[in-house]
Structure formats: structure tokens, C-alpha cells
Amino acid sequence: MREYDTPKSLPRVVPIFPLGGALLLPRGRLPLNIFEPRYLQMVDDVLAGSRLIGMIQPLERSSDPGAPALHRVGCVGRITQLSETGDGRYLITLAGLCRFEIERELDAVTPYRQVEAIYDPFSSDLHPATDGREINRTQLVHLLKQYLDLHNLEADWDAIDRAGGETLVNSLCMISPFGISEKQALLEAETTVARTDVLIALIEMAMAGEEPDAPLQ
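Residues numbered from 1 in each chain as written. Predicted model: local features only at pLDDT ≥ 70, side-chain atom pairs only at ≥ 80, totals over all residues. Heavy atoms only, no water.

(A) Molecular detail of the overall build of the protein. Each helix and strand counted, the protein has six helices and six strands in total. The order of helices and strands in the protein, counted from the N terminus, is β-β-α-β-β-β-β-α-α-α-α-α. Whereas a compact globule of 217 residues would reach a radius of gyration of roughly 17 Å, the protein reaches 18 Å, a difference of no more than 12%. Counting only C-alpha atoms, the protein reaches 50 × 35 × 35 Å along its principal axes. Partitioning the contacts of the protein with sequence separation of at least 6, the portion at a separation of at least 24 is 70%. For the protein, the accessible surface area stands at approximately 11,200 Å², while carbon and sulfur atoms represent 49% of it. (Helix = DSSP H or I, 4+ residues; strand = E, 2+ residues; numbered from the N terminus. Rg over C-alpha atoms; globule rule 2.2 N^0.38 Å. Contact = heavy atoms within 4.5 Å. Areas by Shrake-Rupley, 256 points an atom, 1.4 Å probe, with all protein chains shown as cover.)

The structure is reproduced here in C-alpha cells:
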């Protein structure tokens, strides 16, 4: 696998997959079910080149569902797994590499959208996190237990105990049931510690009665 260690090692032009609620974080892994023809072509195209796709969320009140307005910050990921189904779908896994800002959207001839991306504000994403041990793990796990008990759900606590700080936080953020704006806040949090604080605040809000659409699981 190619090493991505500086913003210049990433392509300037990136195909994007706008998908509300789908959160990809650096060093996270996001499974996707690809079935729309334009995104099937996108996967075919990137497999012949960089294998990179930019995940980005649409604005919640976009007036055009076919080509919605987008948040400015997304995360680029590399296809690390792919399987084909008997009905023409792709099941892929994206490994998160680095967040990006959209500099501008291109007038692409492809059926999928493409943007010029700026990675420099997030260059630290390309290196292992140094603050994972500093997260408020005790409070996070305590709230998680309360939240799961409230919804009569179970968790693999041995796996949670073994997970590193960044891995735990990113996994919980990516599977969380929160809406687009909350997921965007988690994405744009500057560090793992900051992301943990945002996640704790969101869980506390849910526990207080501002429930998301579905439980964490």
C-alpha cells in the first residue's frame, strides 16, 4: 500500500461521495454498499488509479437532493476491501486517511462529482495521533454503559477495554446515530481529545432526552 505522509502525497482532485450521516475519520474504516450507477462507475474509475474517494456530508437543508450543497470539510479514504454481489453491487471498505477542505467543485464530465481538495489544515491526520491516551476514557465508557443500558443493548466490553483511545473514539463516532450536523462537528473536532469531548456532550444531550433517531450499537 502506498504511503501517504504529507498533503502533497494526496491527489489534488478527488471524486466525492456525498452521504448524509456517513462519517469517515482518519484511521477509521467505513463499510459502504455501492449500488447507484454513478458511484459504481466512480469505484471502477478509482480502482484503475488512486483508489481514493472523498466522503462528505450534504447540508441538511440543501434545495437539490440530486446534487446537494455540501459541507466544506470531508475525509478522503482508500478502498482497502471490495467484493461484488450477484445483483451488481459493490461492498467496499474505505480506510480513512486525511480530512480535506473543498477549494472548489469541478465541472466534471463524470456522472459523479469531483472537487479540488486542500489537505494542509489537516496534515496531522497523516501521522498517528499523539493524544489518544489523554482522552476522558472513564467518563466516556461510563456514559456509554448508561446509554446502552437505557436501550437494553449489549457491548463487547473486552474489545472496548482493549481498544486504543483513538480507535475507541473513532469507532463510537462513526457508528453513532447522530444527525448530519452532529457528525460534522465530530469530523471537524481538531484532535482526538476534542472529538471525545464533543462525543461526550452529544451522549449527555441524548441521555437528557434529546434522543437521536436510533441507539448506539
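(B) Main features of the nonpolar core. Judged by nonpolar contacts, the single largest core of 61 residues is most densely connected at Leu-10, Ile-34, Ile-53, Met-55, Val-76, Ile-92 and Phe-100. It is strand E5 (residues 90-105) that contributes the most residues to this core, seven residues altogether. Ignoring sequence-local partners within four residues, the contact set of Met-55 consists of Phe-17, Leu-19, Ala-22, Leu-24, Leu-30, Leu-32, Gly-74, Cys-75, Leu-94 and Phe-100. (Core = buried A, V, L, I, M, F, W, Y, C linked by side-chain atoms within 4.5 Å. Buried < 20%, exposed > 50% of the residue type's maximum accessible area, 1.4 Å probe, protein only.)

(C) Molecular detail of empty space enclosed by the protein. For the structure shown, the criterion picks out one cavity of 30 Å³ or more. The computed volume of the largest cavity comes to approximately 40 Å³. Forming the walls of the largest cavity are Ala-22, Leu-23, Leu-24, Met-55, Ile-56, Gln-57, Gly-74, Cys-75 and Leu-187. The set of elements that each furnish at least two residues to the lining of the largest cavity consists of strand E3 (52-56) and strand E4 (73-84). (1 Å grid on protein atoms, 1.4 Å probe; cavity = no way out; pocket = protein on both sides within 12 Å on 5 of 7 lines; lining within 4 Å. Points joined across faces, edges and corners; volume = space filled by probe spheres on them.)

(D) Inspection of the environment of Ala-185 at higher detail. Of note, Ala-185 is situated in helix H5 (residues 180-188). By relative accessible area, which is 37% here, Ala-185 ends up partly exposed. For Ala-185 and Leu-199, which are 14 residues apart along the polypeptide, the C-alpha to C-alpha distance reads 9.1 Å.

(E) Quick peek at the packing of aromatic side chains. All told, the structure shown has two aromatic pairs when counted by the stated rule. Taking NZ or CZ as reference, Lys-145 lies 5.2 Å from the ring centre of Trp-157, over its face. (Phe/Tyr/Trp six-rings, centres within 6.5 Å; stacked < 30°, edge-to-face > 60°. Lys NZ or Arg CZ within 6 Å of the ring centre and 35° of its normal.)

(F) Structural context of the packing of H5 against helix H6 (residues 192-207). Running from N to C, H5 and H6 point in directions that differ by 155°, and their axes come no closer than 8 Å. As far as their axial angle goes, H6 and H5 are roughly antiparallel. Where H5 crosses over H6, the two elements pack in a sense that is right-handed. Packed against H5, whose contacting residues are Glu-182, Ala-185, Leu-186 and Leu-187, the element H6 presents Arg-195, Val-198, Leu-199 and Leu-202 at the interface. For the contact of H5 with H6, the residue count by class is six nonpolar, no polar and two charged. (Axes fitted to C-alpha atoms, helices over the stretch in contact; angles between N-to-C directions. Parallel < 35°, antiparallel > 145°, perpendicular 65-115°, else oblique. Left-handed = near helix turned anticlockwise from the far one by under 90°. Nonpolar A, V, L, I, M, F, W, Y, C, P; charged D, E, K, R; others polar.)

(G) Geometry of unusual backbone geometry. Even without being glycine, Arg-27 reaches a positive phi, approximately 70°. Turning to its location among the elements, Arg-27 is positioned in the loop between strand E1 (13-18) and strand E2 (29-34). We note that Arg-51 has phi near 65°; this positive angle belongs to a residue other than glycine. The topology assignment puts Arg-51 in the loop between helix H1 (37-47) and E3.

(H) Representation of the packing of helix H4 (residues 165-175) against H6 in the model. Contact pair H4 / H6: the axes reach a minimum separation of 10 Å and the direction vectors enclose 40°. By the criterion of interaxial angle, the relationship of H4 to H6 is oblique. The interaxial crossing formed by H4 with H6 has left-handed handedness. Side by side, H4 and H6 meet where Gly-165, Glu-166, Val-169, Asn-170, Leu-172 and Cys-173 of the first sit next to Thr-192, Arg-195, Thr-196 and Leu-199 of the second.

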